[in-house]
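Residue-level structure breakdown
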Amino acid sequence: MAKYAYPAIFTLEEDGTYSIIFPDLEGCYTCGDNLEDGIEMAEDALALTLYGYETDGRTIPAASTLKTISTPENSFVNFIACDTLTYRKMYNNKAIKKTLTIPEWLNEAATSAGFNFSQVLQEALLSKLDLR
């Protein structure tokens, strides 16, 4: 889970749309109705691809430099940034059930105080992982 920036090749098609490919990442490509849409779609495609790399435990390749990328006619290179933690929070936010063990006295005190155990655990994990 990290922040990344990768070069993307934007190609203006005859119909005014854009095709976008990330030369460093196999299978990472998208398109957009216009430049603004293309940039938005590229951000999403990049985050999805890198999220998959992280989830699968694959090595994430280094990003190329602008000098090493050749572009076809009607194309340009632009760096696209993404944050896979933000992506995970938006698209992988399904609640799962976890069983935990705490001392009986602590359970009684927390229950008496009206604590929501799930909320307390989430807050504690976010704090411990420094994800706030």
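Summarised in this report is the structure supplied together with it. (Residues numbered from 1 in each chain as written. Predicted model: local features only at pLDDT ≥ 70, side-chain atom pairs only at ≥ 80, totals over all residues. Heavy atoms only, no water.)

Throughout the structure, instances matching the rule amount to 1 salt bridge. A salt bridge links R88 to E54; the shortest N-O distance between them is 3.0 Å. With R88 in helix α2 (residues 84-91) and E54 in helix α1 (residues 35-56), this pair connects stretches of sequence that are 34 residues apart. Across this residue pair, the class does not change: R88 and E54 are buried. (Salt bridge = Lys/Arg side-chain N within 4 Å of Asp/Glu carboxyl O. Helix = DSSP H or I, 4+ residues; strand = E, 2+ residues; numbered from the N terminus. Buried < 20%, exposed > 50% of the residue type's maximum accessible area, 1.4 Å probe, protein only.)

So, about the side chain of R88. In this structure R88 comes out as buried when scored by relative accessible area, which is 19%. At 3.0 Å, the side chain of R88 forms a polar contact with the side chain of E54. (Polar contact = N/O pair within 3.5 Å; in protein donor to acceptor, adjacent residues only side chain to side chain.)

Now for the environment of N74. When you line up the elements, N74 lands in the loop between α1 and β4 (75-83). Among the residues examined, N74 registers a relative accessible area of 52% and is labelled exposed. Along the backbone, N74 and Y18 are 56 residues apart, and their C-alpha atoms lie at a distance of 10.0 Å. Discounting chain neighbours no more than four positions away, the residues touching N74 are F10, T11 and L12. (Contact = heavy atoms within 4.5 Å.)

What follows covers the environment of I102. Topologically, I102 is positioned in the loop between α2 and α3 (104-112). Taking the relative accessible area as the measure of exposure, I102 reaches 30% and is therefore partly exposed. Those residues in contact with I102 that sit more than four places away from it in its chain are N107 and F117.

Hydrogen bonds between backbone atoms are what pair the strands of a sheet, whose relative direction is either parallel or antiparallel. If you walk across this open sheet you meet the 4 strands as β3-β2-β1-β4, and the pairing is antiparallel. The open sheet has two edge strands with one neighbour each: β3 (29-32) and β4. Strand-to-strand twist across the sheet, computed as the mean angle between neighbouring axes with direction ignored, equals 30°. Pairing of strand β1 (residues 3-12) with β4 involves 9 bridges; the strand directions are antiparallel. Within the sheet, the bridge partner assigned to F10 lies in β4 and is F76. (Pairing = 2+ DSSP bridges. Axes fitted to C-alpha atoms, helices over the stretch in contact; angles between N-to-C directions.)

Turning our eyes to something else, we now look at the nonpolar core. Judged by nonpolar contacts, the single largest core of 19 residues is most densely connected at F22, L25 and L46. Mapped onto this core, the elements with two or more residues apiece are β1, β2 (18-21), α1 and β4. If you tally residues by element for this core, the top one is α1, at 7 residues. (Core = buried A, V, L, I, M, F, W, Y, C linked by side-chain atoms within 4.5 Å.)

This paragraph deals with the layout of surface pockets. Approximately 1100 Å³ is the volume found for the largest pocket. Lining the largest pocket are 23 residues, with K94, A95, I96, Q122 and L125 positioned closest to its centre. Of all the secondary structure elements, the ones that give two or more residues to the lining of the largest pocket are α2 and α4 (117-128). Broken down by element, the residue count for the lining of the largest pocket peaks at 6 residues, all from α4. Broken down by class, the residue content of the lining of the largest pocket amounts to 12 nonpolar, 6 polar and 5 charged. (1 Å grid on protein atoms, 1.4 Å probe; cavity = no way out; pocket = protein on both sides within 12 Å on 5 of 7 lines; lining within 4 Å. Points joined across faces, edges and corners; volume = space filled by probe spheres on them. Nonpolar A, V, L, I, M, F, W, Y, C, P; charged D, E, K, R; others polar.)

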